[in-house]
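Close look at the chain arrangement
Next come the chains, spelled out residue by residue.
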Amino acid sequence: MPDDAVPRRGIRDRRGRGPRGPGVRPAVPGTVAVRTRRQRFDDLVLDLVTDLEDRWSDRLGLVEFAVEDTPLVPDDWTPDSVPLASLVRGAGGRPSRLVVFRRPIEHRCETRSELHALLLTVLVEQVAELLGCDPADVDPRYDAD
């Protein structure tokens, strides 16, 4: 080692590829910097549900919205179709419950825009069923194709 060269210590840069370590640091220490796929899906559902509730709050009544990973299918289920959502109407004091199934929906989408479009379609169709009206009347962005 030449006399004027100073050994570098504390920097991990073998083979000249740059420092190693996490590529993203959280803005707030102790929090997660990158959101998981499940969290991003939940955020998208929440945004769409908020839009629908704002538009139809006077007619929807008490509705619980939920996200589950996969549906529970009965033993006699045929693999020809997988439910993307479930709607259970409320009775008495119980609220209606609309559940969106994350994995079957994500499985059908390749891009974020496809995921947004499919989620919008599923939610609008379920809310239209609950309200007893046409899905195109529930949300103008609805596309039946």
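For the structure itself, consult the block above.
Below is a summary of the structure that appears in this document.

1. A few points about the nonpolar core
Counting 27 residues, the largest nonpolar core has Leu119 and Val138 as its most contacted members. It is helix 3 (residues 112-131) that provides the largest number of residues to this core, a total of 10 residues. If we ignore the near neighbours within four places in the chain, the residues touching Val138 are Leu52, Arg55, Trp56, Val124, Val127, Ala128, Leu131 and Cys133.

2. Re the sheet that holds strand 3 (residues 96-101)
With mixed pairing, 3 strands are arranged side by side in an open sheet as 1-3-2. Each end of this open sheet is capped by a strand with a single partner; those strands are strand 1 (63-68) and strand 2 (85-88). Sheet twist, expressed as the mean angle between neighbouring strand axes with direction ignored, is 15 degrees. Lying over the sheet, helix 1 (residues 37-60) contacts strand 1 and strand 3, oriented at roughly 165 degrees with respect to strand 1.

3. Some details on a nonpolar patch on the surface
Where nonpolar side chains cluster on the molecular surface, the patch consists of Val73, Trp77 and Val82 and spans about 210 Å² of accessible area. Note on placement: Val73 falls in the loop between strand 1 and strand 2.

4. Points about the environment of Leu131
Checked against the element boundaries, Leu131 lands in helix 3. Among the residues examined, Leu131 registers a relative accessible area of 11% and is labelled buried. Here the alpha-carbon distance between Leu131 and Leu60, two residues 71 residues apart in the chain, equals 6.9 Å. Not counting residues up to four positions away in its chain, the partners in contact with Leu131 are Trp56, Arg59, Leu60 and Val138.

5. Here's the deal with the pattern of salt bridges
Proximity of charged atoms lets side chains of opposite charge pair with each other. Following the criterion strictly, the structure yields 9 salt bridges and no others. For Arg89, the salt bridge identified is with Glu129, shortest N-O distance 3.8 Å. Taken together, the residues Arg89 in the loop between strand 2 and strand 3 and Glu129 in helix 3 connect sequence positions 40 residues apart. According to the relative accessible area criterion, Arg89 is partly exposed, its value standing at 44%. Among the charged side chains, a salt-bridge network with shared partners connects Arg38, Asp69, Arg102 and Glu106.

6. Overview of the pairing of strand 3
Of all 6 residues in strand 3, 5 are buried; the element is thus mostly enclosed. Note that strand 1 and strand 3 share 6 bridges and pair parallel. Looking at the pairing, Val63 lines up with Ser96 of strand 3. Pairing of strand 2 with strand 3 involves 4 bridges; the strand directions are antiparallel. The residue of strand 3 that forms the bridge with Ser86 is Val99.

7. Observations concerning the packing of helix 1 against helix 3
One way to put it is that helix 1 packs onto helix 3 with a least axis distance of 10 Å and a crossing angle of 30 degrees. Between helix 1 and helix 3, the angle is such that the two are roughly parallel. As for how helix 1 packs across helix 3, the hand of that crossing is right-handed. Packed against helix 1, whose contacting residues are Arg40, Phe41, Leu44, Val45, Leu48, Val49, Leu52, Trp56, Arg59 and Leu60, the element helix 3 presents Arg112, Leu115, His116, Leu119, Leu120, Leu123, Val124, Val127, Leu130 and Leu131 at the interface. Here the contact of helix 1 with helix 3 is built from residues that sort into 16 nonpolar, 1 polar and 3 charged.

What counts and what doesn't
- Residues numbered from 1 in each chain as written.
- Predicted model: local features only at pLDDT ≥ 70, side-chain atom pairs only at ≥ 80, totals over all residues.
- Heavy atoms only, no water.
- Core = buried A, V, L, I, M, F, W, Y, C linked by side-chain atoms within 4.5 Å.
- Buried < 20%, exposed > 50% of the residue type's maximum accessible area, 1.4 Å probe, protein only.
- Helix = DSSP H or I, 4+ residues; strand = E, 2+ residues; numbered from the N terminus.
- Contact = heavy atoms within 4.5 Å.
- Pairing = 2+ DSSP bridges.
- Axes fitted to C-alpha atoms, helices over the stretch in contact; angles between N-to-C directions.
- Patch = residues over 30% accessible without salt bridge, like charges linked within 9 Å, V, L, I, M, F, W, Y side chains within 5 Å.
- Areas by Shrake-Rupley, 256 points an atom, 1.4 Å probe, with all protein chains shown as cover.
- Salt bridge = Lys/Arg side-chain N within 4 Å of Asp/Glu carboxyl O.
- Parallel < 35°, antiparallel > 145°, perpendicular 65-115°, else oblique.
- Left-handed = near helix turned anticlockwise from the far one by under 90°.
- Nonpolar A, V, L, I, M, F, W, Y, C, P; charged D, E, K, R; others polar.

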